[in-house]
Amino acid sequence: MKLIYERSQPERRASTLPRIDLPVPQVPEELRRSRPPRLAELSEPELVRHFSELATRTFGIDTGFYPLGSCTMKHNPRVNERVVNLPGFRDLHPLQEEEAAQGALELMWRLQEILAEIAGLPAVSLQPAAGSQGELTGLMLMRAYFADRGEQRRKVVVADTAHGTNPASVTMAGYELQKVATDVRGNVDVAQLRELVDGETAGLMLTNPSTLGLFDEHIEEIAAIFHEVGGLLYYDGANLNAVCGISRPGDMGFDIVHFNLHKTFSQPHGGGGPGGGPIAVRERLEPFLPVPAVVPDGDAFRLDYDRPKTIGKVRGFYGPFGVFVRSYAYIRSYGPALREMSEVAVLNANYLLALLKNAYELPFDRLCMHEFVLSARHLKREQGITALDVAKRLMDYGFHPPTIYFPLIVREALMIEPTETEPKETLDAFADAMLEIARDAAEHPDLLKEAPHNRPVRRVDEVKAAKRAVVRYGFEEHPDLSEEPSEARELEAQKGA
Amino acid sequence: MSFLSLTERDREQMLATIGVESVDELFRDVPEGVRFRRELELEAALSEPELVAHLEQLAARNVDTGRELSFLGAGIYDHYVPAVVDAVLARGELLTAYTPYQPEMSQGVLQAIFEYQTAICELTGMDVSNASGYDGATVAADACYVAKHVTGRSRVVLAETVSPQVRQVVKTYAPGFGLEVVDVPHRNGVTDPDELGEAARDAACAIFQQPNFFGCLEPAPDLAAAANEAGALSVAHVDPVSLGVLEAPGAYGCALAIGEGQGAGNYQAYGGPHYGFIAARSDYVRRMPGRIVGETTDVDGRRAYVLTLQTREQHIRREKATSNITTNQTLLALAGLVHLSWLGPQGLRELGETCMALAAYAKERLALPLLFPEQATFKEFAVRVGRPAEEAIRAARARGVHPGYALKRDYPGMEDSLLVCVTEKRTPADIDRLAEALAA
Amino acid sequence: MVAAESYPDELRYHSEHDWARLEDGQATLGITWFAQDALGELVHYEPPEEGAEIATGLSYGEVESVKAVSDLIAPLSGTVVEVNQKAVEEPETVNEDPYGAGWLVRIRLSDPAEADGLMDAQAYQSFVAEQ
């Protein structure tokens, strides 16, 4: 299909703008645009067709089952889209006087209260823009907390099952990374942890349940190891969908938690974002939270900037407000029954696991939480079929593949998260497909090797993409890559999470 | 619950397949000591009609720009969002897709990101853009992280005329990066290139904003040259809506161009979610943060798009990644692409000219002393109202007009100054109303 | 065209899968067949600057494939006297000819005796077999 710039014709346009009979001031010559940007030039009918075609070449949760592990691809209720587009939210300027933004401030305050209850921690900042920014904010809080106590701590411990964001955030916050391994049951290796942790340890970052979909059975002991040396525990909330109302991070011993509003609380992911990464913390960390906080003031609400120990601001204004509206609406639709959301997420995952565990290797044979990790190691060993091949073949059945090659400690990993919104029939159909694929791996391996068969493109050449690095349209000078030889070099590297 | 799809019968069958008696049993790995024993204290569930009514009530307590004639800007702008943006964003496939990890499932969104990257490169005169950053403030912190690694230097220079939101965020991030932040004060509303150049000696980068926070046009080419001569990366923070009439940062030698995308395609939304953009010369492509889409071919030689140069990113490079960003703002950036494609080059220029013409009319019509009378401006300008700014705001709002932003909130000393913003949605008649409201 | 597996006898090897060819107080360094095979086709080589000091056991540069990035660990200490520009421009050369045209840097040794601590081809092959 053509790029929008290849559909362009000079002098075509979709826009109409007010005609105003006023003189236009001259821009000083040295500041004036010398060459117009080559934006697309299309009529509105062409514009709509172009983006409609792009939509048909995209698979969303609206299209079908999307069991991408660690991404919590649940249904996005349409009522959330209706309410976020109410003019009182959509057309509200962030610098509007507080007395004229009371509805927005109240919504934010209510969401703070809800998240505090779910986390089991009293103080919330809604500001971080996504989970990874929540992580960085949490680590900045650790720095500020220890600096305030006159302590120099330089190390942060991260599990080897962690999302890559954890180690990346550790470095960006100016800390030194220490890795802890996973034991044979899929829990954090507590013996190794004891050796690593000392008075120089600022804290731990942990996902619980882990990216293996397993709840750490020693979580209380882990928390004690850190708290004994005055360290702090950070909860990566990527997998919170498993435990809402079942076990609260604050009760597990965590001091700082981030939420992924775009996972647990159903923000449509839009092909990559937006997200929301609010954090909840224990009392002793509250003074360091970003400004402003939303606080009640009599019958009203206001923005409180008066926090002398704050780390500052981590993004503009107050956070991704539209995401708050959707997540608030989502949680209010459940009310106290939010626990059922997590229960069904875990039920769906365990059901699917039960259907699949005889056909694929299960590295840690336990009940799972909201997701589970299988391995296609046996298929690779016996038939030369990889997790990537399994993923591609699933597309032929109309399913989005699971996350593959993650977590890194499981070879040929297939990380499957069905979420609570899927009906049993979909889980059955997906399991049937997975079982058939496992059989075809032996009998018709080419079906897998050559998959997918009916998508807009077949397997792509990632090496060419990286080497040629064509990252924008070049107009007259745009290269024709189809003239260069290509191979199916879509590689066995992490896809998802 | 309407979002769940299991019947009681389903549940029983599924539990039997798993081989457990109850859902509770599925949680047996959760230690007793950390189990939550009561019900969550949340307000009762709302049905869909009740939920909508509740949120309508909250929304009604906000005074949005449809209910009050607004001249607020200061970084978030009431530009017109075309209907076609809403239509595209309502497409379920685009709305509800995850990050395009599997290219065969995601050619549409990958191509859209490639087209967005192209639009940002064209606007800014740069070679490479990522798929978006969180907002116009965090991309400035991203730029500092790029500059730190490219130059090995440990100071960043920030013009005082850069948006306070941006400056605060840079100052929050800087200590973790091991960077010290140096401010360059404004001289009469703009930045002096000699002062910026002096401060940029031994600095990793120098960030300035065009048009700046006061609405004034900076001597941007001279600022970029001063930073470059000092061996620092020159970083321009620009308004995409201005780039039909104002020069592209790439054309005056900037290393990086960043900005808040909101004005192109996004509603004000009380400050977010929006998108930040970051674009660079090709020299810095390997230091860029976040997702980048590249062109390639499939096995049959068909053109295809895929996430590329991923060894920069956290999932591969982990603690050495160029950034920790994962989730970005693709949907909002898509809105930007649709808006910019709706405008086209001609529309973007007309939009800029319309804003400038209306702002010039407003300057004249208000007949108030300008805070920086010597400086050329784009769509915003600062006036002195001869009394504390919040008094003027209160009085004007009583007449249904929000006259602008009180600069003293960020610049102590500018007690009587108001930053007025005029977009293409305001009319000369609206501006007459503003003049009357401020004269009251 | 990817090379066939081999570990030439005349080279010395480091446990981080780097090789060194010793010649008159200088050494040529590269990565082994095993390393390039584990990484896959290289798409980028980030070399040190000429004149840079490198030290045994520490990173002196990076190579990247599409799926992985790997530090280049110096098997010996010294000063970089030459960077292989062909490997910079066409990093796949390392896959095609890891011990020949795909060399990475040439250094002047600061402590030639360090070479005694490296493995010979036979020892390295046994080491690789255990990986």
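Residues numbered from 1 in each chain as written. Chains lettered and ligands numbered in written order. Predicted model: local features only at pLDDT ≥ 70, side-chain atom pairs only at ≥ 80, totals over all residues.

A. Up close: the overall build of chain C. Within chain C, the secondary structure is distributed over four helices and nine strands. Along chain C, helices (α) and strands (β) appear in the sequence β-β-β-α-β-β-β-β-β-α-α-β-α when read from the amino end. Along the longest, intermediate and shortest principal axes, the C-alpha atoms of chain C span 35 × 35 × 20 Å. The long-range fraction of contacts in chain C, counting pairs at least 24 apart against all pairs at least 6 apart in sequence, stands at 64%. (Helix = DSSP H or I, 4+ residues; strand = E, 2+ residues; numbered from the N terminus. Contact = placed C-beta atoms within 7 Å.)

B. Looking closely at the environment of alanine 279 of chain B. Residues and elements named next belong to chain B. Within the element layout of this structure, alanine 279 appears in strand S8 (residues 276-280). C-beta crowding within 10 Å serves as the criterion here: with 30 such atoms nearby, alanine 279 is assigned to the buried category. Those residues in contact with alanine 279 that lie beyond four places of it in its chain are Ile120, Cys121, Thr124, Met126, Val128, Ser129, Leu256 and Ala257. (Buried ≥ 20, exposed ≤ 12 C-beta atoms within 10 Å, placed from the backbone.)

C. Quick look at the interface of chain A and chain B. Tallying the contact residues gives 179 residues for chain A and 173 residues for chain B. A per-element tally of the side of chain A that touches chain B places helix H11 (residues 338-356) of chain A first, with 11 residues. For the side of chain A that touches chain B, the per-class residue count stands at 98 nonpolar, 43 polar and 38 charged. (Nonpolar A, V, L, I, M, F, W, Y, C, P; charged D, E, K, R; others polar.)

D. How the structure looks around the sheet that holds strand S4 (residues 180-184) of chain B. Residues and elements named next belong to chain B. Taken in spatial order, the seven strands make up an open sheet running S2-S8-S7-S6-S5-S3-S4, and their pairing is mixed. Because the sheet does not close on itself, it has two edges, and the strands there are strand S2 (128-129) and S4. Examined bridge by bridge, strand S6 (residues 233-238) and strand S7 (residues 256-260) share three bridges and lie parallel to one another. Looking at the pairing, valine 235 lines up with leucine 256 of S7. (Pairing = 2+ DSSP bridges.)

E. The arrangement of the sheet that holds strand S10 (residues 372-375) of chain A in detail. All names here are of chain A. With antiparallel pairing, the three strands of this open sheet are ordered in space as S10-S12-S11. Looking at which strands have only one partner, the edges of the open sheet turn out to be S10 and strand S11 (403-404). Inspection of the sheet shows S10 paired to strand S12 (residues 413-416) by four bridges, in the antiparallel sense. The residue bridging serine 375 from the neighbouring strand is alanine 413, located in S12.

F. Here's a closer look at the environment of proline 128 of chain A. Residue and element names in this part refer to chain A. If you trace the backbone, proline 128 turns up in the loop between strand S1 (123-125) and helix H5 (131-148). Take proline 128: there are 28 C-beta atoms within 10 Å of it, and that puts it in the buried class. Considering only alpha carbons, one finds proline 128 and glutamine 9, 119 residues apart in sequence, at a separation of 42 Å. Setting aside anything within four residues of it in sequence, one finds proline 128 in contact with Gln133, Gly134, Thr137, His258, Gly277, Pro278, Ile279, Val314 and Gly319.

G. Structural detail: H5 of chain A. Residues and elements named next belong to chain A. Taking 1.5 Å of rise per residue, the 18 residues of H5 would be expected to cover 26 Å, and the 25 Å separating its terminal C-alpha atoms lies within 8% of that figure. Summarising burial for H5: 13 of the 18 residues are buried, a large majority. A positive backbone phi angle near 70° is found at glycine 150, which sits one or two residues after H5. (Expected span 1.5 Å × (residues − 1).)

H. Summary view of the packing of helix H4 (residues 102-119) of chain A against helix H2 (residues 48-60) of chain B. The geometry of H4 of chain A relative to H2 of chain B is characterised by a closest axis approach of 6 Å and an angle of 130° between their N-to-C directions. The pairing of H4 of chain A with H2 of chain B is recorded here as oblique in orientation. Seen from H4 of chain A, the contacting residues are Gly103, Glu106 and Leu107 of chain A; seen from H2 of chain B, they are Leu58, Ala59 and Ala60 of chain B. (Axes fitted to C-alpha atoms, helices over the stretch in contact; angles between N-to-C directions. Parallel < 35°, antiparallel > 145°, perpendicular 65-115°, else oblique.)

I. Structural context of the packing of helix H6 (residues 138-151) of chain B against helix H7 (residues 164-177) of chain B. All names here are of chain B. Packing of H6 against H7 brings their axes to within 8 Å, and their N-to-C directions diverge by 35°. Relative to H7, H6 is oriented so that their crossing is right-handed. Between H6, through Thr138, Ala140, Ala141, Cys144, Tyr145 and Lys148, and H7, the contact on the second element is made entirely by Val166, Val169, Val170, Tyr173, Ala174 and Phe177. In terms of residue class, the contact of H6 with H7 is made up of 10 nonpolar, one polar and one charged. (Left-handed = near helix turned anticlockwise from the far one by under 90°.)

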